[in-house]
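# Examination of the molecular architecture
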Amino acid sequence: MGKVVQVPEGGLHDEADQRAYETGNFDLDGDLPDVPQKHGRASWHSGGSLPLRLMGAQWAYKALDRDSSPGRRLTVTGAELGEMTVMTSRGKATVPAWLFTLKGYDAPLKRAAVIPSKLPESPIKPAGRTSTDVLAPLGGLVRVTAAGRSVTVVANHGSCDDGPTVNVLETRNSVVLSAATIGTREGACTSEMRGERLTVRLDRPTGNRILLDAFAGRPVPYSKWPKTSPGWS
């Protein structure tokens, strides 16, 4: 549910390197190793683990190298298999990661090396359209605070309303988020979908509770680049 790529400890050197990272401007100047084994293991800090397939360093690198535009590029000179901590729907977990060596950096750039499990069937039906026709799908999860007392999500809305709102229903095992649009405006409307960040405050920390989208009846995916694949563990 969180970032599958983590920049070197201490951050990137300057704005040019940050743009290169965000746009996916990378160069490879060296050899990348083969996968030493087929499977790795995600281990949750709260207990329990799950075996998952490992991706190769080449595959992980290609997920980073997404662009060839002019400007600064980050140069990868090698990689080794290590570990990183990621946020999942079941709390923090330690997973195998490719530690990419970047030219000019002492600390590595980390990329999770496990392939997420497929998303299971939802235990509920999606709400879809309602009689008021205002319920809307969430655009994704942006951030969970360190204390877990609030979450920031992208809520979608159109060009002829007063914006989005997000309601929350907290249960023992889940946090259900219901996004909707507020009001309507008269006149001609364009058809684009707009996304707006909204922060929802919770009565208690998220903990190991799963975040669900009421419209879709599914976990809320992480929305910031680099995204996770369409699966959650």
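Source: prediction; values computed, not measured. (Residues numbered from 1 in each chain as written. Predicted model: local features only at pLDDT ≥ 70, side-chain atom pairs only at ≥ 80, totals over all residues. Heavy atoms only, no water.)

### Here's the deal with the nonpolar core
Of all hydrophobic cores here, the largest spans 34 residues; its most connected members are Phe26, Val95, Trp98, Phe100 and Leu109. If one sorts the elements of this core by residue count, strand E6 (residues 91-102) sits on top with 7 residues. Valine 95 has contacts with Arg41, Ala42, Gly82, Glu83, Met84, Val86, Ala112 and Val114, leaving out every residue within four places of it along the chain. Counting 15 residues, the second largest nonpolar core, distinct from the first, contains Leu141, Val166, Ala179 and Val220. (Core = buried A, V, L, I, M, F, W, Y, C linked by side-chain atoms within 4.5 Å. Buried < 20%, exposed > 50% of the residue type's maximum accessible area, 1.4 Å probe, protein only. Helix = DSSP H or I, 4+ residues; strand = E, 2+ residues; numbered from the N terminus. Contact = heavy atoms within 4.5 Å.)

### Overview of the environment of alanine 63
Considering the arrangement of structural elements, one finds alanine 63 in helix H2 (residues 57-64). Taking the relative accessible area as the measure of exposure, alanine 63 reaches 30% and is therefore partly exposed.

### Things to note about the layout of surface pockets
Taken as a whole, the largest pocket encloses approximately 680 Å³ of empty space. Lining the largest pocket are 30 residues, and of these Gly2, Val86, Met87, Lys92 and Val144 sit closest to its centre. Put simply, the parts of the chain that give the lining of the largest pocket at least two residues each are strand E5 (74-88), E6, strand E9 (138-144) and strand E14 (210-213). In terms of residue class, the lining of the largest pocket is made up of 12 nonpolar, 13 polar and 5 charged. (1 Å grid on protein atoms, 1.4 Å probe; cavity = no way out; pocket = protein on both sides within 12 Å on 5 of 7 lines; lining within 4 Å. Points joined across faces, edges and corners; volume = space filled by probe spheres on them. Nonpolar A, V, L, I, M, F, W, Y, C, P; charged D, E, K, R; others polar.)

### Focus on the pattern of salt bridges
Considering all chains together, one arrives at 5 salt bridges under this definition. Here aspartate 27 makes a salt bridge to arginine 73, at a shortest N to O gap of 2.9 Å. Pair noted here: aspartate 27 is in strand E2 (residues 26-28) and arginine 73 is in the loop between H2 and E5, with a separation of 46 residues, a long-range link. The exposure class of aspartate 27 is partly exposed, given its relative accessible area of 32%. You can call arginine 73 partly exposed: its relative accessible area is 23%. (Salt bridge = Lys/Arg side-chain N within 4 Å of Asp/Glu carboxyl O.)

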